[in-house]
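Structure assessment
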Amino acid sequence: MYVLKKEEGGCHTPFFDGYAPQFFFRTTNVTGKTVVVSNAHMARPGDGVTLSVSLLQPVAIETGDRFAIREGGKTVGSGVVTKVLT
């Protein structure tokens, strides 16, 4: 996923493991708990990072689906599903 910079209308601060924003797939919003998959365990505005996400409700998604990450009614990031774990 790509974390939008402050100047792009995104985050002002980094986020860490446990961050739980809304994931927007097509027309569905669902909360997901994140784990940053990197050595730093944080995602800064402007970073491209890999996340492991546990969605709190079941959603029909597949590899290649795009999503937006929203917080407080604004988009703070976007990404592509690379793998679906069951």
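These figures come from a predicted structure and were not determined experimentally.

Once that is clear, we can look at the sheet that holds strand β8 (residues 74-80). Read from one edge of the open sheet, 6 strands run β1-β8-β7-β3-β4-β6, paired in antiparallel fashion. Pairing within the sheet leaves two strands with one partner each, and these edge strands are β1 (2-3) and β6 (51-55). Examined bridge by bridge, β1 and β8 share 2 bridges and lie antiparallel to one another. The residue of β8 that forms the bridge with Y2 is S78.

One pass over the structure, following the stated rule, counts 3 aromatic pairs. Both rings, one in F15 and one in Y19, keep their centres 4.2 Å apart while their planes meet at 25°; by these two values the pair is stacked. Of the two residues examined, F15 and Y19, each falls in the buried class. With 5.7 Å between their ring centres and 55° between their planes, F23 and F67 make a pair best called tilted. Placement of the pair is F23 in strand β3 (residues 22-25) and F67 in strand β7 (residues 66-71), with a sequence separation of 44 residues. Given a relative accessible area of 12%, F67 falls into the buried group. A network of ring pairs unites the aromatic residues F23, F25 and F67 as a single cluster. Positioned over the ring face of F24 is R70, at 4.1 Å from the centre of the ring.

Definitions and cut-offs
Residues numbered from 1 in each chain as written. Predicted model: local features only at pLDDT ≥ 70, side-chain atom pairs only at ≥ 80, totals over all residues. Heavy atoms only, no water. Pairing = 2+ DSSP bridges. Helix = DSSP H or I, 4+ residues; strand = E, 2+ residues; numbered from the N terminus. Phe/Tyr/Trp six-rings, centres within 6.5 Å; stacked < 30°, edge-to-face > 60°. Buried < 20%, exposed > 50% of the residue type's maximum accessible area, 1.4 Å probe, protein only. Lys NZ or Arg CZ within 6 Å of the ring centre and 35° of its normal.

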